[in-house]
Amino acid sequence: MSKMVTLSIDGIQVTVPEGTLIVDAARQAGIDIPVFCYHPKMEPVGMCRMCLVEIGRPMIDRNTGQPILDENGQPKLQFLGKLETACTNTVSDGMVVLTQSEKARAGQKATVEFLLTSHPLDCPICDKGGECPLQDLTMAYGPTQSRFLYEDKIHLAKHVPLGELIYLDRERCILCARCIRFQSEIAGDAVLTFDERGRSSQIITSSEPPFDSVFSGNTTDICPVGALTTADFRFGARPWELKAAASICSQCPVGCNIVYNTRREARSDGRIVIKRVLPRQNEEVNELWICDKGRFAYHYTESPSRLAAPRLAGGPASWDQALEKAAQALRTWQKKAILASGRLSNEDLYALKRFAEALNVPAYLYTSMGGGEWVRRYGLRAGSDLGHLGAGDTILVIGSDLYEEAPIWYLRVKQAAERGATLILSNPRFTRLERFAHYAVRYAYGDESEVIGRLNADAKIAQALREARNLVIFFGSEGMGLEQTEALAAACAQLLTETGHAERVDNGLVGVWPRANDQGAWEMGFEPVSDLQALFEELDVLYLVAADPLGDGVVRLNGRKPFLIVQDILETETVRQADVVLAACAYTEREGTFTSGERRVQRYFPAVPHWGECKPDFAITAMLAEAFGLRLEAHSAARAFQELAASVETFKGLDYAALSEVRAQWPPTGREDYPFSGTAQPNTQGMGKTLAAVTEAPSARPQPKVPREAERLRPEEGTLLLVPITRLFDAGSLVSPSALLHKRIGARRVILNPASGLEQGAQVLLEWEGHQVEVTVELDENVPAGVGLVPRSMGIPLQQPARGHLHTPERVR
Amino acid sequence: MTQYLLLRHREIPEISRLEVYRQHGGFEAFRKAVTGMTPDQVTEVVKASGLRGRGGAGFPTGLKWSFMDRKNWPHYVVANADESEPGTFKDREIMEGNPFQFLEGVAIASYAVGANRAYIYLRGEYQHIARWLDEKIAEMEAAGLLGERLFGTDYSLRMYTHLGAGAYICGEETALLESLEGKRGQPRVRPPFPPSFGLYGKPTVVNNVETLANVPLIVQNGAEWYRSMGTADAPGVKIFSLSGRVKRPGNYELPFGVTFRQLIYEYGGGILDDRPIKAIMPAGASSSLLRADDRLLDTPLDYASLRPFGGDLGSASVIVIDDTVSIDWVIQKTIRFFKHESCGKCTPCREGTYWMKHLIDRIRTNGKEEKQVQLLLDVARQMQGKCLCALGEFSTMAVVSGIERFGEDFR
């Protein structure tokens, strides 16, 4: 615990920890010191000079070390002759700060006047207007009239693309460097910088491709003027026209808290549509940030290929007809199963699981990454927060490129390492997180199950694991399929147990799952399926929910196909082959909860109305179940969750009210705090709850599986070892409808070491196990020789490592 | 003065050759320090000598050295050879004419603060001097005056030159350090000061070339000897860079306590065409403009003595202005200079210098409208005390003092 000091700010006594900046101390006392360049998440730079205040420090007698007292017995204060910046000066005992004195106000007014001399004052057409710190602070602190002659204003470019997602308006920029500092300090991607100097200074991107960072959108939130805008939202709406719906990002297992800003608009035929996504503060999850996928990929919810109504193979159908047909099939046939994905909410998955139990059929999870039973058992538990990790703690990341798979976890792990946590990274190739790792252990693709053993063999790493106060392990699916990830998860769980870190708060295993709610499915007891092709071939009826095995190429129809009841939101290949199509709501159109990879259950709220006739997944399942005499909640997500919490062990005691609890957070966010923290939205609708621990008897623990030596694939002369990897931007159905991401998604490709002898951009034919796909070659020196990385969800149906070949077009011809 | 202390090449033209410098006692002070004194003893001598920084701020040199954080290593010494103040050309002459005395000063300073690496940061235009110093450093290495285990002790020292890219701001010590680190030359917020957080975040002493050139003499001859010259406030000698409307502009090495009248009329040969003197800028373009009356001309010069006149001696780059020069022309020059050199980091300097430039251009072109002159004064005053570093403050000095003290030139 650091020493507390007491100071006076505008006559108010404030007690804060030693080392606190005056600007933060004031904000904690409810006093706003205006800022532009200062941001509570970044190091202060004192550039903008907006936070000028008068600071008096008690005079200390050099001989006695005691304060010198005046005639009234009060400590004598020493004020510098000039104003000082509240953002760069820390508090000290007995300090007196005047933020509203005539001198301080004059300083603040001067800074606003200076800033406005080169500002275009185009508020009426500016996207930031209405939520603009410069606009607000001008009203509060600025002069009523400018003495700067209008014709002396310099005019600068107003539409400068810093990459395809972010635009810069050079006239509006006040050169506060928040964006530059965000990229270098927080994102760790120092891709923005200043060019030129003085009044000619301008923000430029120094990377190729430009603004090469997956966190770029955050710079628009913290930009204190309308200089940085997103290609998605610019000129899209005025902030005051927008309604806000609290939600959870559905793109990865981090569970970032977000807000959907919506508006009813003529240009969308009078519909209510999503205009933008903003981060919603949750200091235990995503703080004030989200990644660009979360910010820009929401357009799938308004894709022209959305299913608007149920239908049968023969043509349109009413809900009654479609449900009757589905029920009839389920009644008639013997061999049947349910296959659902982690895109669904907890309520949906619970309804499906109950329905499967009533039908006495298996409930499968559509995934090629396993190990969920281990995370359910050894995952993070209530009270855990990655923000707690620091000096003395160890974080191990195995087989995952967190930057690409779960960007906000990358940020959180990077920060923990910067706070002093020991970061051990084990991956077959270099990933961006490695720059912050204390130990980087490379292994060959195929050797995943041996990694833990190798870590333990290194004395220093073994010590860092064993002696860690807390140990958190992230495991992913880099280059692995279902079996390999299951084995890796088991080995990680064993490591937690052996080092004495199992079953403790702030310790545990985190699965870097491919979907937002895979963890929820594992908690609910869904099981993975190792051979989906075989399943398809033996089943009579399959009820698929939010899964597209045909479109993903996981399953190929060979003549016989089961009766397919497909429930989805988009027109997928599987939907096209369906006998019954049930049109589901996108999650933005309904209520529900997701369980993040950290086992945190969080609520999301409806942002827009239902698309056409579609219904929430749990409601559709409930209607279907009714035909079998099973009563499930079909209307209220809250009641559905109650039923879930009553019967699933780890959810016991939770309800929507508990999930909606909010704890006090720093920094403050909200309307008055836009200048301070940016436009990240305050959290008023819940920070979620982490699930309880599983309390099974030890005998019920699953036993680890380790693949036999002979089953492992390694690079081999004459063939290419193809391994699946995850890229943030892929051609998946929840991403590709967002046109502005197409450049980031890129071509269908295989990533090879330059030693492969092929040229960047070459078109080649990729062959493995009877598959043939035309792909583009991308070269990356971080890829081991003899290995071909195959990004998932890019139209190359590689589910697990395989031996393959490349053919150049000449040889094909 | 019969004997030079700093500009010794004027008497001993070959002193830039290592053997000649050594024949005249060169590197004896360094040897004495390394072999016979503790680092603290060296610092104490410099402290006792009263040597103050010659870069402009006049901060006591020994005191600066004693501030080095001893819990944080390594330590660095950086010689500030950025010499960019308009009207200042003294460091150039020292480095060109008497390079070893300067380099010996760098070496002694390094020993005193426990630095094993010293960097000489030169302005980009001094490329020829950087190459020249590189040769001299190589000669020192060959002679065993730089390198490992010097004079048979455990002390090691390496020296490197580094060129800036032509920015005035890089003479500001924290901007210099940023530039030396390979970043944009922009000042840091101080505190922390370089002795606690300097180059690469390590304790660093940044000293001016002329300051360092004094150090070998002080170590060799003692603090008492040094204090016997100059004034109590400013012991020792100072190189005055004299320019402007004088007959013999140039560098003049004189003890503190000399007067402007002596400097300008005795050494500088008086005003061109024997016109009346009007104003003096004692510290280059960043000076306040001082009205050159008899009281000013006869004031013995040291760091304190110009305060009552509303000025500072700074780097003693004395620019002389006679009655043929209008002060509005002078401040147009300084404003244009500072507008060009403003790094853009802080708002008042970036925007204020730009604004002032437009105002003075309008005043000079469209006539001296009182409202515009008043606005220029207001803008300059509004900048004062609010900038991140001294450059911003400097940009207002001539403007405010010029309008206030030479109002007749603005009517």
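Since the structure is predicted, the reported quantities are computational estimates derived from the model, not experimental observations.

Quick notes on the rules
- Residues numbered from 1 in each chain as written.
- Chains lettered and ligands numbered in written order.
- Predicted model: local features only at pLDDT ≥ 70, side-chain atom pairs only at ≥ 80, totals over all residues.
- Helix = DSSP H or I, 4+ residues; strand = E, 2+ residues; numbered from the N terminus.
- Buried ≥ 20, exposed ≤ 12 C-beta atoms within 10 Å, placed from the backbone.
- Contact = placed C-beta atoms within 7 Å.
- Nonpolar A, V, L, I, M, F, W, Y, C, P; charged D, E, K, R; others polar.
- Pairing = 2+ DSSP bridges.
- Expected span 1.5 Å × (residues − 1).
- Core = buried A, V, L, I, M, F, W, Y, C linked by C-beta atoms within 7 Å.
- Axes fitted to C-alpha atoms, helices over the stretch in contact; angles between N-to-C directions.
- Parallel < 35°, antiparallel > 145°, perpendicular 65-115°, else oblique.
- Left-handed = near helix turned anticlockwise from the far one by under 90°.
- Arc of directions from axis to C-beta.
- pLDDT = per-residue confidence, 0-100.

## Brief notes about the overall build of chain A
In terms of helices and strands, chain A carries 23 helices and 36 strands. Looking at the 813 residues of chain A, the share that counts as buried comes to 54%. Of the contacts formed within chain A by residues at least 6 apart in sequence, a portion of 71% connects residues at least 24 apart.

## Considerations on the overall build of chain B
Broken down by element type, chain B carries 16 helices and nine strands. Counting only C-alpha atoms and orienting by the principal axes, one finds that chain B spans roughly 70 × 45 × 35 Å. Taking all 411 residues of chain B together, the buried fraction comes to 57%. The contacts in chain B between residues at least 6 apart in sequence include a share of 70% that link residues at least 24 apart.

## Here we look at the interface of chain A and chain B
Between chain A and chain B, the contact holds 26 residues from the first and 21 residues from the second. Here the element with the most residues in the side of chain A that touches chain B is helix α2 (residues 102-117) of chain A; it accounts for six residues. Considered class by class, the residues forming the side of chain A that touches chain B number 11 nonpolar, nine polar and six charged.

## Examining the sheet that holds strand β6 (residues 250-255) of chain B
Residue and element names in this part refer to chain B. The strand order across the open sheet formed by five strands is β6-β5-β9-β7-β8, and the pairing between neighbours is mixed. Both edges of this open sheet fall to β6 and β8 (290-291), since each of them pairs with a single strand only. The pairing of strand β5 (residues 237-244) with strand β9 (residues 317-322) spans four bridges and is parallel. Bridge pairing in β9 places Leu242 opposite Val318.

## As for helix α8 (residues 346-359) of chain A
Side chains of residues three or four places apart in an α-helix project in the same direction, reflecting 3.6 residues per turn. Taking 1.5 Å of rise per residue, 14 residues should cover 20 Å, and α8(A) covers 20 Å from first to last C-alpha, within 8% of that figure. Burial within α8(A) is extensive, with 11 of its 14 residues counted as buried.

## Considerations on the sheet that holds strand β16 (residues 315-316) of chain A
Residue and element names in this part refer to chain A. Pairing in this open sheet of eight strands is mixed, and the strands run β16-β15-β27-β26-β25-β17-β18-β24 from one edge to the other. The open sheet has two edge strands with one neighbour each: β16 and β24 (527-528). Of the strand pairs in this sheet, strand β18 (residues 363-365) and β24 are connected by two bridges, and their pairing is parallel. Looking at the pairing, Tyr364 lines up with Glu527 of β24.

## Regarding the environment of B:Ile331
Residue and element names in this part refer to chain B. Residue placement: Ile331 occurs in helix α13 (residues 327-341). The buried category is assigned to Ile331, around which 29 C-beta atoms lie within 10 Å. Other than its neighbours up to four places away in sequence, Ile331 contacts Ile360, Ala398, Val399 and Gly402.

## Quick look at the pairing of strand β2 (residues 115-122) of chain B
All names here are of chain B. Buried residues dominate β2, accounting for six of its eight residues. Pairing analysis gives seven bridges linking strand β1 (residues 75-81) to β2, with the strands arranged parallel. In the strand pairing of β2, His75 is matched with Ala115. The pairing of β2 with strand β3 (residues 158-163) spans six bridges and is parallel.

## As for the pairing of strand β25 (residues 541-545) of chain A
All names here are of chain A. Counting buried residues along β25, five of its five residues qualify, which places the element largely inside the surrounding structure. On β25, burial covers both faces: Val541, Tyr543 and Val545 on one face and Leu542 and Leu544 on the other are all buried. Across five bridges, strand β17 (residues 336-340) lies against β25 in parallel orientation. Bridging from a neighbouring strand, Ala340 pairs with Val545 of β25. The pairing of β25 with strand β26 (residues 563-568) spans five bridges and is parallel. For Val541, the partnering residue across the bridge sits in β26 and is Phe563.

## A word on the environment of A:Ala322
Residues and elements named next belong to chain A. Tracing the chain through its elements places Ala322 in helix α7 (residues 319-332). Under the C-beta neighbour-count criterion, Ala322 is labelled buried, with 25 such atoms within 10 Å. Among residues more than four places away in sequence, those in contact with Ala322 are Pro310, Arg311, Leu312, Ala317, Val580 and Leu582.

## Observations regarding the nonpolar core
Counting 352 residues, the largest nonpolar core has A:Ala340, A:Ile473, A:Cys492, A:Leu509, B:Val78, B:Val106 and B:Ile108 as the members making the most contacts within it. In terms of residue count, the dominant contributor to this core is helix α6 (residues 99-113) of chain B (10 residues). In contact with B:Ile108, not counting residues within four places along its chain, are B:Ala29, B:Phe30, B:Ala33, B:Val42, B:Val215, B:Pro216 and B:Val219. Grouped together as the second largest cluster of nonpolar side chains are 22 residues, A:Val750, A:Trp768, A:Val787 and A:Met794 included.

## Observations concerning the packing of helix α14 (residues 347-366) of chain B against helix α15 (residues 370-383) of chain B
All names here are of chain B. With their axes 10 Å apart at the nearest point, α14 and α15 run at an angle of 165° to one another. Looking at the two axes, α14 sits roughly antiparallel to α15. For the pair α14 and α15, the crossing hand works out as left-handed. Contacts between α14 and α15 pair Pro348, Cys349, Gly352, Trp355, Met356, Leu359, Ile360, Arg362 and Ile363 from the former with Gln372, Val373, Leu375, Leu376, Val379, Ala380 and Met383 from the latter. Residues belonging to the contact of α14 with α15 are distributed by class as follows: 13 nonpolar, two polar and one charged.

## Focus: helix α2 (residues 28-36) of chain B
Residue and element names in this part refer to chain B. Along α2, the positions that sit buried rather than exposed are Ala29, Phe30, Ala33 and Val34. Down the axis of α2, the buried side of the element spans an arc of 125°, and every buried residue falls inside it. Summarising the geometry of α2, the exposed residues directed more than 90 degrees from the buried face are Thr35 and Gly36. For α2, the elements touching its buried residues are α3 (39-49), α6 and α9 (209-221).

## Regarding unusual backbone geometry
In this chain, A:Glu208 is followed by A:Pro209 through a cis amide linkage whose omega measures 0°. Here the amide bond leading from B:Arg190 into B:Pro191 is cis, since omega sits at -10°, within 30 degrees of zero. Position of B:Pro191 among the secondary structure elements: in the loop between α8 (173-180) and β4 (204-208). One non-glycine residue, B:Phe27, lies in positive phi territory at about 70°. With respect to the helices, strands and loops of the structure, B:Phe27 is situated in the loop between α1 (18-23) and α2.

## What about the packing of α15(B) against helix α16 (residues 390-405) of chain B?
All names here are of chain B. At a closest axis distance of 9 Å, the pairing of α15 and α16 adopts a crossing angle of 145°. For α15 against α16, the interelement crossing comes out left-handed. Taken together, the residues of α16 that come into contact with α15 (itself represented by Val373, Leu376, Leu377, Ala380, Arg381 and Met383) are Gly392, Thr396, Val399, Val400 and Ile403. Of the residues contributing to the contact of α15 with α16, the split by class is eight nonpolar, two polar and one charged.

## A few points about the confidence of the model for chain B
The predicted coordinates of low-pLDDT regions are not to be read in fine detail. Taken residue by residue, chain B gives an average pLDDT of 96. The fraction at 70 or more is 100%. At the level of chain-chain contacts, confidence expressed as ipTM amounts to 0.94, with global pTM at 0.95.

## Some points on the environment of B:Val189
You can see B:Val189 is positioned in the loop between α8 and β4. Sequence separation between B:Val189 and B:Leu296 is 107 residues; the distance between their C-alpha atoms is 35 Å. Dropping the residues within four chain positions of it, B:Val189 is found in contact with A:Val45, A:Gly46, A:Thr88 and B:Leu388.

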